[in-house]
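So the chains spell out like this:
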Amino acid sequence: MNHPVPGQPVQVPVLALGDVLLVSLQGELHDGMAEQLQQDITSRISTSRVTGVVIDISGVDIVDSFLGRVLAEIASTARLLAARTVLAGMRPAVAITLVELGLTLPGLITALDVDRAMEVLSQGGS
Amino acid sequence: MPEQDAAESAPQVVSSFLERRREQVAQRWADALLFRSVFTLSRDEAVEACKAVVDALSEVAVSGRLEDIDAPGFGTVREQLGRMAATRARAGSTPSQIADEVAGLRVPAMDLLRDEFTDPTSAQAQESVLALTVLLGTLRLVVMETALDANSELIERQRQQLLEVATPVIKLWESTVAVPLIGTLDSARSQVVMESLLEAIVDQRARYAILDITGVPTVDSLVAQHLMKTVAAARLMGAECIVSGIRPAIAQTIVQLGIDLGSVVTRASLADALAYALGRQGIEMTRSDTGASAR
Amino acid sequence: MHISGQASATSLPIGSDADLAWVRQHVRQCAAQLGFGLVQQTKLVTAASELARNTLVHGGGGHAEITPLDNGLTRGLRMRFADQGPGIRDLELAMTDGYTSGGGLGLGLSGAKRLVHEFRVDTEPGRGTTVTAVAWVAQVPASRKGLQ
């Protein structure tokens, strides 16, 4: 597992695969980076033909209410810009913790991993 | 000599006796079964442990709270007593046997205390002996309490192991797993169910997870809450949960309790749940004409 | 609860985003060393993240004190978050799910409470807030008390 040293922000890479944006979150994510990412994705959707966003969080150790809110906001913003967002690869321990925390992210589409997320996007519907 | 100081109360006499005779009391106690069997490696260690207990008793005596098992003085040795009780419990002793071993500490200490007085029949000597007896009785209760704690921890651990064995996750079909729940669903068990189900979802790359509660005797609001949490966690991982096996009586309870299972997909039986999961994946089950229809 | 045999506490400043990351990483390391399972580790780190962010956002910064515990039966971790901020005027309200004064989801305090075994908030308007959270290894304390 890749754990960058805290205090050294790492840029979150946003990949374009056809009309789908793939974002892979890894390790420690600072609040500022998460907000930056939110802006990046929004501007990418509005400036290019993007119909779907896949956020891969399989490399994320924890999702707290702040990151949860950012993820939910990315999805809502993308929806307004006619793109669908799929959250992929949440680990079991993270899912259990989020539910206990009271954060069930009802508006988000979820998938087991990136492959499944791509499948969901290609099928259309919900 | 203690008896020359008539103003000293019995607990104070006991306290200063313990302080003065710390070494002797500790030496004698170190040979008692309780300490000998726990500190098997070195006698010095046993003596040190005994000294800690003597110091604690002295502190309790000085505070005058001879009968109080929550007296602050016991705080310092509680951890040590807990470890000792746990060691004895693992060796097969029951809490009352352990308490009897503590009672065995009384005689050596008493002998030393009696030696302090030139006239062991004096009122002060009698009172001091009584005070030490009460104090050691309290120590016995403290040890018994920690022993019971250690015991319940042991039981808890065994229960935990049983839980894991009793909660199998079965792969029913491609991308479909199921947990047949049998028995009471308490918080600890629900936690294990949730964890094993989510692990299975990852391992089997499952899209559907069936929680079958046919074998669960009652569903109260707490159980319902656990089910909802499991469903929500599975959804976060991209799998859909189906709760099956809701017997009519349980369905009624759920309605009467006003529990909202909300968006949870429910089916009457495990078979119905499987049919639903397969249907959602575009798999249809039909009876083949040969054989089955002939009957 | 009889707590003794404490190892040394670690004090960490909370003054920026990066400090939150340090707190999370330190809690993760301590929890792993103490023998917490993966799910419990995740719960602890998440609780720490929520509470440290409260200290930063609502308390204007402060510090975290992370202490390993041993009560003779099991090991635990105490996390204390202290600030000298405005304090919480209505604690009951602040502990309610969905209540927020800082633009978050309002799950900080109430959510963090559900992730640990013991939880206490000491606050006084104008004097600051200290939140103390304790979790014990394994499910012994949790199952004995039941859920919440």
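Just so you know, these numbers come straight off a predicted model, no measurement behind them. (Residues numbered from 1 in each chain as written. Chains lettered and ligands numbered in written order. Predicted model: local features only at pLDDT ≥ 70, side-chain atom pairs only at ≥ 80, totals over all residues. Heavy atoms only, no water.)

*Asks:* Please clarify how the nonpolar core should be interpreted in this entry.
*Replies:* A general trend in soluble globular proteins is that nonpolar side chains are found buried together. Grouped together as the largest cluster of nonpolar side chains are 105 residues, with contacts concentrated most on A:L25, B:I201, B:L211 and C:M79. Core analysis: the next-biggest nonpolar cluster, separate from the first, contains 49 residues, B:F39, B:V47, B:I98 and B:M110 among them. (Core = buried A, V, L, I, M, F, W, Y, C linked by side-chain atoms within 4.5 Å. Buried < 20%, exposed > 50% of the residue type's maximum accessible area, 1.4 Å probe, protein only.)

*Asks:* Teacher, can you tell me more about the sheet that holds strand 3 (residues 75-83) of chain C here?
*Replies:* Backbone-to-backbone hydrogen bonds pair the strands of a sheet. The strands run either parallel or antiparallel. Residues and elements named next belong to chain C. Read from one edge to the other, the open sheet built from five strands follows the order 1-2-3-5-4, with strand pairing classed as antiparallel. Because the sheet does not close on itself, it has two edges, and the strands there are strand 1 (10-14) and strand 4 (118-124). Strand after strand, the sheet turns through a mean of 15° between neighbouring axes, direction not considered. (Pairing = 2+ DSSP bridges. Helix = DSSP H or I, 4+ residues; strand = E, 2+ residues; numbered from the N terminus. Axes fitted to C-alpha atoms, helices over the stretch in contact; angles between N-to-C directions.)

*Asks:* What am I meant to see in the sheet that holds strand 1 (residues 170-173) of chain B here?
*Replies:* Residues and elements named next belong to chain B. In space, the five strands of this open sheet follow the order 1-2-3-4-5, with mixed pairing throughout. Each edge of the sheet is formed by a strand with only one pairing partner; in this case those strands are strand 1 and strand 5 (265-267). Adjacent strand axes in the sheet meet at a mean angle of 30°, parallel and antiparallel pairs treated alike. As defined by bridge partners, strand 4 (residues 240-244) adjoins strand 5 across three bridges and the pair is classed as parallel. Bridge pairing links S244 to R267 in strand 5.

*Asks:* What is the right way to look at the pairing of strand 3 (residues 52-59) of chain A in this model?
*Replies:* Side-chain direction in a regular strand flips from residue to residue, so the side chains alternate between the two faces of the sheet. Residue and element names in this part refer to chain A. Of all eight residues in strand 3, seven are buried; the element is thus mostly enclosed. As judged from the six bridges shared by strand 2 (residues 20-26) and strand 3, these two strands associate in the parallel manner. Its bridge partner being in strand 3, Q26 is matched across the sheet by G59. Across five bridges, strand 3 lies against strand 4 (residues 84-88) in parallel orientation.

*Asks:* Help me out: how do you make sense of the confidence of the model for chain A in this one?
*Replies:* Low pLDDT means the predicted atomic positions in that stretch should not be read closely. The predicted model of chain A averages 86 in pLDDT, with 90% of residues at 70 or higher. Under a pLDDT of 50 for its full length, residues 1-5 of chain A has, in the predicted model, nine contacts with residues more than four places off or in other chains. (pLDDT = per-residue confidence, 0-100. Contact = heavy atoms within 4.5 Å.)

*Asks:* Which parts of the structure should I look at to understand the pairing of strand 3 of chain C?
*Replies:* Residue and element names in this part refer to chain C. The element strand 3 is extensively covered by neighbouring structure, given that seven of its nine residues are classed as buried. Across nine bridges, the pairing between strand 2 (residues 62-70) and strand 3 is antiparallel. From the neighbouring strand, P68 faces strand 3, where its bridge partner is L77. Direction of pairing for strand 3 relative to strand 5 (residues 128-136): antiparallel, over a ladder of eight bridges. Note that in strand 5 the partner of G76 across the bridge is W136.

*Asks:* It is not clear to me how the interface of chain C and chain A should be interpreted in this structure. Could you clarify?
*Replies:* How big an interface is tends to be expressed through the accessible area that disappears when the partners come together. Opposite the 26 residues of chain C that make contact, chain A presents 24 residues. Here chain C packs against chain A, burying approximately 2,200 Å² in sum over the two surfaces, 59% of which is carbon and sulfur. For the pair chain C and chain A, the number of links is three salt bridges. Here C:R24 and A:D64 are joined by a salt bridge, their closest N and O atoms 3.9 Å apart. Remark: the boundary between chain C and chain A carries eight residue pairs in polar contact (both at pLDDT 80 or more). (Buried area = accessible area lost by both parts, 1.4 Å probe. Salt bridge = Lys/Arg side-chain N within 4 Å of Asp/Glu carboxyl O. Polar contact = N/O pair within 3.5 Å; in protein donor to acceptor, adjacent residues only side chain to side chain.)

*Asks:* Sorry if this is basic, but what is going on with the pattern of salt bridges here?
*Replies:* Note on pairing: side chains with opposite charge can pair once their charged atoms come close. Under the criterion given, the structure shown has 21 salt bridges over all chains. Among the ionic pairs, B:D100 bridges to B:R140, the shortest N-O distance being 3.4 Å. Placement of the pair is B:D100 in helix 6 (residues 95-103) and B:R140 in helix 8 (residues 123-165), with a sequence separation of 40 residues. Look at B:D100 and you get partly exposed, because its relative accessible area is 47%. Overall, B:R140 belongs to the partly exposed group, its relative accessible area being 32%. Several salt bridges share partner residues, and in doing so they unite A:D31, A:D64, C:R24 and C:R53 into one network.

*Asks:* Would you explain unusual backbone geometry in this entry?
*Replies:* Most of the time, phi is negative for any residue but glycine, and the peptide bond is trans. Residue and element names in this part refer to chain A. The residue A82 is not glycine, and still its phi comes out positive at about 65°. Structurally, A82 can be placed in the loop between helix 2 (65-80) and strand 4. The backbone phi angle of L105 is positive, close to 45°, even though this residue is not glycine. Here L105 shows up in the loop between helix 3 (92-101) and strand 5 (109-111).

*Asks:* Even after reading the chapter, I still don't get the environment of A:I62, so can you show me in this structure?
*Replies:* Checked against the element boundaries, A:I62 lands in the loop between strand 3 and helix 2. Residue class for A:I62 comes out buried when judged on its relative accessible area of 12%. For the pair formed by A:I62 and A:L98, sequence separation is 36 residues and the distance between their alpha carbons is 8.7 Å. With near-sequence residues (within four places) excluded, A:I62 lies in contact with A:L67, A:V94, C:R24, C:R28, C:T42, C:V45, C:T46 and C:S49.

*Asks:* What am I meant to see in the packing of helix 9 (residues 187-204) of chain B against helix 10 (residues 221-236) of chain B here?
*Replies:* Helices that pack against each other are described as a pair by the angle of their axes relative to one another and the distance between those axes. Residues and elements named next belong to chain B. Where helix 9 contacts helix 10, the two axes come as close as 10 Å, and the packing angle between them is 20°. By the angle class used here, helix 9 and helix 10 are roughly parallel. The crossing of helix 9 and helix 10 is right-handed. Residues S187, S190, M194, L197, L198 and I201 of helix 9 form the contact with helix 10, whose participating residues are L222, H226, K229, T230, A233 and A234. Taken together, the residues of the contact of helix 9 with helix 10 break down into seven nonpolar, four polar and one charged. (Parallel < 35°, antiparallel > 145°, perpendicular 65-115°, else oblique. Left-handed = near helix turned anticlockwise from the far one by under 90°. Nonpolar A, V, L, I, M, F, W, Y, C, P; charged D, E, K, R; others polar.)

*Asks:* For this particular structure, what's the right way to read the confidence of the model for chain C?
*Replies:* All names here are of chain C. The share of residues in chain C with pLDDT of 70 or more is 81%, and the mean pLDDT across the chain is 83. When the criterion is pLDDT under 50, residues 1-5 qualifies, and its contacts beyond four places in sequence or with other chains add up to eleven contacts. Note that residues 140-148 has pLDDT below 50 and, in this model, 18 contacts with residues that lie over four places away or in other chains. Note on the complex model: pTM 0.67, ipTM 0.88.

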